[in-house]
Amino acid sequence: MNISVQTRNLTRRFGRFTAVDRVTLDVYEGEIFGFLGANGAGKTTLIRMLTGLLKPTEGEAQVAGFDVWGQSEAIKRRIGYMSQRFSLYEDLTAEENLTFYGGIYGLRRDQIEQRKAILFEHVGLQPFAGQMTRDLPLGFKQRLALACALLHDPPIVFLDEPTSGVDPKARRSFWNLIYQTAQLGKTLFVTTHFMDEAEYCHRVGIMHMGRMIAVGPPGQLKRQYDKSTMQEVFIALHQSSEEAA
Amino acid sequence: MQQILYLMWKEFKQVFRTREMLSIIFVAPMIQMLVLGFAISTEVKNVSLIITDFDRSSTSREILRAFEHTDRFRIVGYESSYRGIDNAIHRWHAQMAIVIPPNFGRDLQRGLQPEVLLIVDGLDGNTAGVALGYATGILRQFGQMVLRQRMLARPDAAIPVHQVVAEDRMWYNLDLQPEQYMIPGIVVLLITIISMLLSAMSMVREKEIGTMEQLMVTPLKRYQIILGKILPFLILAFVELGIVLVVAQFIFSIRIVGSYALLAGLAFLYLFATLGLGIFISTITQTQQQAMFVSWFFLIFMILMSGFFIPIENMPPLLQKITYINPMRYFMYIMREIFQKGSTFPFLLKDLVPMTVFGLLIFTFSVLKFQKRLA
Ligand SMILES: Nc1ncnc2c1ncn2[C@@H]1O[C@H](COP(=O)(O)OP(=O)(O)OP(=O)(O)O)[C@@H](O)[C@H]1O
Ligand SMILES: [Mg+2]
């Protein structure tokens with residue numbers, strides 16, 4: 001299997017504080033990789049290094065075969081990113097937001113129209129195309145953000161807590177959307193701190209205080225630690241690394 | 001190129017959908033111009049004047065008539081003592097007093113040089129200076145008239161040298177019309193505000209709501225983001241310039257004497273400095289509130305150090321030196337020159353060059369400081 005994202009001892013410090021500590025990780029093409037961790041574990045910081053928003057302090061990383069140190073612009077053409085905070089233009093309509101990002105990614109006019117139609121269909125937002133973004137319910141805003149991240153058809157998509165703040169039903173349907181997106185052959189890198197969501201992932205990585213403390217398919221992790229849910233696995237791992245520290 | 005156009009399209013959409021932005025751009029300038037323009041002009045028109053005539057001769061009455069016959073002054077009372085004058089000025093009843101000493105008429109006839117005393121409320125330095133200018137003008141005219149009459153009456157008499165008055169004529173703003181002087185300054189303030197404050201605010205707003213982070217993970221080049229963000233405000237600054245020139249012409253009847261094309265070209269050079277500052281402010285602030293605060297700090301410094309309110313010649317030497325690093329100082333001067341004298345390019349070079357150099361320095365520095373990355 002081809003590797004989409006590869007890191008070796010990737011580290012980021014803010015002053016004397018180490019937010020991401022020597023993370024080594026491989027994510028394969030077409031995978032839904034879940035990235036778990038408590039608040040402040042370093043998930044967003046790791047994603048920001050992989051998307052070229054932050055320079056690493058040390059270590060290596062390749063995304064879509066390009067190096068984060070010198071080729072971040074090439075990486076940017078091949079990734080979609082949905083940041084943790086909702087960040088589309090609230091004073092543009094849903095459709096205008098898509099048109100804008102299409103233009104930014106250098107798509108032609110007809111391509112933009114075509115992609116817009118496909119994506120509105122994909123995320124189920126056609127009825128709301130003309131609505132002002134600020135008037136959409138949060139769940140729909142997040143679908144729109146996903147549509148924007150997918151507009152230029154990137155092979156790798158980073159979703160940073162895409163379901164925070166929405167009700168369980170909307171979370172469920174957003175995960176359906178993630179599955180459908182994976183079926184298009186894309187690699188999805190999804191952070192969350194909902195343990196039930198971890199069950200939906202092909203593989204998960206569990207992060208604690210900047211360190212990657214376990215990586216594997218949810219089934220295997222549950223067997224390995226002899227637990228019945230990812231929630232229990234997470235708590236057990238947490239306790240053992242607290243004791244180690 | 002396409003990317004920049006999309007950024008601009010988005011920016012204009014946002015501006016035209018935000019009522020506050022629209023009012024900052026189109027309504028506020030009109031109001032500011034009208035208020036500033038008219039407030040300043042009426043003040044210097046009807047200066048309230050107290051008269052104290054200790055002489056009571058036909059000569060003194062003639063002088064006073066000259067003051068009555070101009071709309072520059074409005075006679076608000078007669079006092080017979082300095083105490084009375086002091087009181088009137090203190091109570092804001094009068095802004096100026098003219099005191100004609102005893103025997104003034106007789107001394108003048110004898111060829112002595114009697115003096116008229118002018119007392120001005122210096123609290124409002126601008127008005128005081130202008131009013132004093134009018135009053136000395138009137139007195140000087142009167143003095144010359146008396147001189148001429150004496151020469152006519154006694155053609156053989158030698159004119160004592162010390163009686164020849166040097167006249168410092170106002171060459172350009174002939175009537176010392178304060179609007180002539182203030183309006184170009186107001187125009188400078190308005191286009192500075194729109195280009196610097198609004199571009200800074202709009203960039204920081206994207207930081208605040210997180211869309212800047214989203215733009216940074218796209219393949220947009222740094223220069224594309226910057227141009228896409230500042231070109232709309234460059235265009236708006238020119239629209240604003242057009243609006244205020246129209247207002248100046250139709251409401252204040254002030255036409256610029258010089259060339260519109262030159263004005264526009266130099267404004268373009270000036271906008272490098274202000275847009276550069278806008279970018280700079282957006283790189284050192286995180287929220288719109290901070291950006292607003294920092295922008296006003298810069299604006300107040302620039303305005304005070306530009307000669308808009310306080311003429312630069314009247315500043316202490318140290319402050320005068322500081323004004324040389326202020327791009328607004330140069331543009332203020334250039335605008336007044338083009339507006340009033342119709343100065344042409346070669347005559348403006350000495351201010352144009354430092355303005356452009358500072359502008360480009362600020363712009364380059366800010367563009368380099370703007371990174372397509374967080375922290
Ligand atoms: N720019 C920064 N400067 C200093 N410290 C930072 C910076 N960004 C993040 N941190 C710190 O790094 C740590 C990891 O932050 P990060 O945002 O990566 O966590 P996270 O796992 O995404 O948490 P959350 O679930 O709250 O989003 C936190 O303690 C945070 O305070
Ligand atoms: Mg986070």
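Note that the structure is predicted; figures quoted are calculated from it, not measured.

Scoring rules and cut-offs
Residues numbered from 1 in each chain as written. Chains lettered and ligands numbered in written order. Predicted model: local features only at pLDDT ≥ 70, side-chain atom pairs only at ≥ 80, totals over all residues. Heavy atoms only, no water. Contact = heavy atoms within 4.5 Å. Buried area = accessible area lost by both parts, 1.4 Å probe. Salt bridge = Lys/Arg side-chain N within 4 Å of Asp/Glu carboxyl O. Helix = DSSP H or I, 4+ residues; strand = E, 2+ residues; numbered from the N terminus. Domains from an automatic or database assignment. Patch = residues over 30% accessible without salt bridge, like charges linked within 9 Å, V, L, I, M, F, W, Y side chains within 5 Å. Areas by Shrake-Rupley, 256 points an atom, 1.4 Å probe, with all protein chains shown as cover. Buried < 20%, exposed > 50% of the residue type's maximum accessible area, 1.4 Å probe, protein only.

Draft legend 1. Quick peek at the interface of chain A and chain B. Opposite the 31 residues of chain A that make contact, chain B presents 29 residues. Carbon and sulfur atoms supply 56% of the area buried between chain A and chain B, which totals about 2,800 Å² over both sides. Sorting the residues of chain A by area buried against chain B places Leu53, Tyr89 and Ile104 of chain A first, and these three jointly supply 22% of that buried surface. Viewed at the interface, chain B and chain A are joined by four salt bridges.

Draft legend 2. Fine view of the environment of Ile322 of chain B. Following the sequence through the fold, Ile322 of chain B ends up in helix H12 (residues 317–322). For the pair formed by Ile322 of chain B and Asp107 of chain B, sequence separation is 215 residues and the distance between their alpha carbons is 49 Å.

Draft legend 3. Examining the domain arrangement of chain B more closely. For chain B, the assigned domains are domain 1 (2–41 + 176–374) and domain 2 (47–153). The centre of domain 1 of chain B, based on its C-alpha atoms, is set 44 Å off from the matching centre of domain 2 of chain B.

Draft legend 4. Molecular detail of a nonpolar patch on the surface. Taken together, the side chains of Met292, Trp296, Ile300, Leu304, Phe309 and Ile310 of chain B define a hydrophobic patch exposed on the protein surface, amounting to about 550 Å² of accessible area. Mapped onto the elements of the fold, Phe309 of chain B is located in the loop between helix H11 (288–304) and H12.

Draft legend 5. Here's a closer look at unusual backbone geometry. Residue and element names in this part refer to chain A. Phi is positive for Asn9, close to 50°, though the residue is something other than glycine. Relative to the helices and strands, Asn9 is located in strand E1 (residues 3–14). For Asn9, a relative accessible area of 43% translates into the label partly exposed. Not every positive phi belongs to a glycine, and Asp153 is a case in point at roughly 60°. Taking the relative accessible area as the measure of exposure, Asp153 reaches 44% and is therefore partly exposed.

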